Amino acid sequence: MRKPLIVGNWKMYKTITEAEDYVAQIKDRLPAKQVAEVELAVPTLFLQSLARLTAASPLKIVAENCFYQDEGAFTGETSPLALRELGIKHVILGHSERRRLFFESDQVVNQKVHAALSAGLCPILCVDETMKRLAEHGQVAWVVNQVITGLAGVSEDQLAHIVIAYEPSWAIGTGKAAASPVEANEGCYLIRQTVACLYGEAAANRVRILYGGSVNQANLPQLIGRPDIDGVLIGRASLDPATFLTMVDQVVAASGGEASA
Ligand code: 13P
């Protein structure tokens, strides 16, 4: 059985003081790691301090991005090797905001996937889909293409270190236009089928696939109950610690584990 994974994505919200205060509030109130994994993706600036604060906690701190080279003249970028040295394990790659606002192509995302894997990191590879593309080309072509390109050159062994997230841009940040549980599961199912074509059924059944896009307390129980959704990537609703803890409890309860303290 695939272990549920809950990732809060803070994007560019919070100051370091707010971040440390939030983490102090939740770090000892999470389920044991064998029940579910709970992670927070935070701005690069906070990684070192929050990784220290959570060293003995089941809460894991995640990077929101990294570059595709380990070092060099790349002003403003973050080295995957440096992340690894901090003890960071997961890194979000190919988020739709990176693709849209920073022009990251499928090829760049694929380069980042390889750099992260080589540095010993585990990518959370985001797969996007916009309403326009959905209408013009259909969901299938777009999502399948991003999975194929994102995973190009990745071996089956390396796939074991990758989580994939289905994050349709039309459902992100609106607070209300979440993909319905059926649509969300369809996207995740499509990704799993694509992985099955590339790596076989067994590998596809092992890979964890998350849904992200306006996930909140109201829609989470229905989303997490779907067969191909192994967890969630939560933006806005992860910014409040009490709400985030409630959502962690919802996931744990849906998967038959114990709630947080
Ligand atoms: P929202 O939950 O705010 O829609 O953001 C989703 C997201 O982008 C998570 O990575």
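Our subject in this report is the structure included herewith. (Residues numbered from 1 in each chain as written. Predicted model: local features only at pLDDT ≥ 70, side-chain atom pairs only at ≥ 80, totals over all residues. Heavy atoms only, no water.)

**So, unusual backbone geometry**
Negative phi characterises most residues that are not glycine, and trans characterises most peptide bonds.
Next up, step 1: Phi at Lys-14 is positive, roughly 80°, even though this residue is not glycine.
Next up, step 2: Note on placement: Lys-14 falls in the loop between strand 1 (5-9) and helix 1 (16-26).
Next up, step 3: You can call Lys-14 partly exposed: its relative accessible area is 25%.
Next up, step 4: Within the chain, Phe-103 stands out as a residue other than glycine whose phi angle is a positive 55°.
Next up, step 5: Among the structural elements, Phe-103 can be located in the loop between helix 4 (96-101) and helix 5 (106-118).
Next up, step 6: The class of Phe-103 is exposed, set by a relative accessible area of 71%. (Helix = DSSP H or I, 4+ residues; strand = E, 2+ residues; numbered from the N terminus. Buried < 20%, exposed > 50% of the residue type's maximum accessible area, 1.4 Å probe, protein only.)

**Observations concerning the site of the ligand**
Next up, step 1: The environment of the ligand is formed by Asn-9, Lys-11, His-95, Glu-167, Ala-171, Ile-172, Gly-173, Gly-213, Ser-214, Leu-233, Gly-235 and Arg-236.
Next up, step 2: Within the contact set of the ligand, an oxygen atom lies 2.8 Å away from a side-chain nitrogen or oxygen of His-95.
Next up, step 3: A distance of 2.9 Å separates an oxygen atom of the ligand from a polar backbone atom of Arg-236.
Next up, step 4: When the ligand is considered free in solution it has 300 Å² of accessible area, and contact with the protein chains removes 97% of it.
Next up, step 5: Each residue belonging to the shell around the ligand can be placed in one class, and the counts come to three nonpolar, six polar and three charged. (Near = heavy atom within 4 Å. Polar contact = N/O pair within 3.5 Å; in protein donor to acceptor, adjacent residues only side chain to side chain. Areas by Shrake-Rupley, 256 points an atom, 1.4 Å probe, with all protein chains shown as cover. Nonpolar A, V, L, I, M, F, W, Y, C, P; charged D, E, K, R; others polar.)

**Some thoughts on helix 5**
Next up, step 1: Between its first and last C-alpha atoms helix 5 spans 18 Å; for 13 residues at 1.5 Å apiece the expected length is 18 Å, and the two agree.
Next up, step 2: By the burial criterion, the buried members of helix 5 are Asp-106, Val-108, Val-109, Asn-110, Lys-112, Val-113, Ala-115, Ala-116 and Leu-117.
Next up, step 3: Count one or two residues on from helix 5 and you reach Gly-120, which has phi positive near 90°. (Expected span 1.5 Å × (residues − 1).)

**Observations concerning the pattern of salt bridges**
Next up, step 1: In the structure shown here, the tally under the stated rule is 11 salt bridges.
Next up, step 2: Here Glu-37 makes a salt bridge to Lys-3, at a shortest N to O gap of 3.6 Å. Remark: Lys-3 occurs in the segment before strand 1 and Glu-37 occurs in strand 2 (residues 37-42); sequence separation between them is 34 residues.
Next up, step 3: You can call Lys-3 partly exposed: its relative accessible area is 28%.
Next up, step 4: Residue Arg-206 pairs with Glu-156 through a salt bridge whose shortest N-O separation is 3.5 Å. Here the residue Arg-206 occupies a position in helix 10 (residues 201-206), and Glu-156 occupies one in helix 8 (residues 156-159), the gap between them amounting to 50 residues.
Next up, step 5: Its relative accessible area of 55% is what places Arg-206 among the exposed residues.
Next up, step 6: One salt-bridge network, in which partners are shared between bridges, spans Arg-2, Arg-192, Asp-228 and Asp-230. (Salt bridge = Lys/Arg side-chain N within 4 Å of Asp/Glu carboxyl O.)

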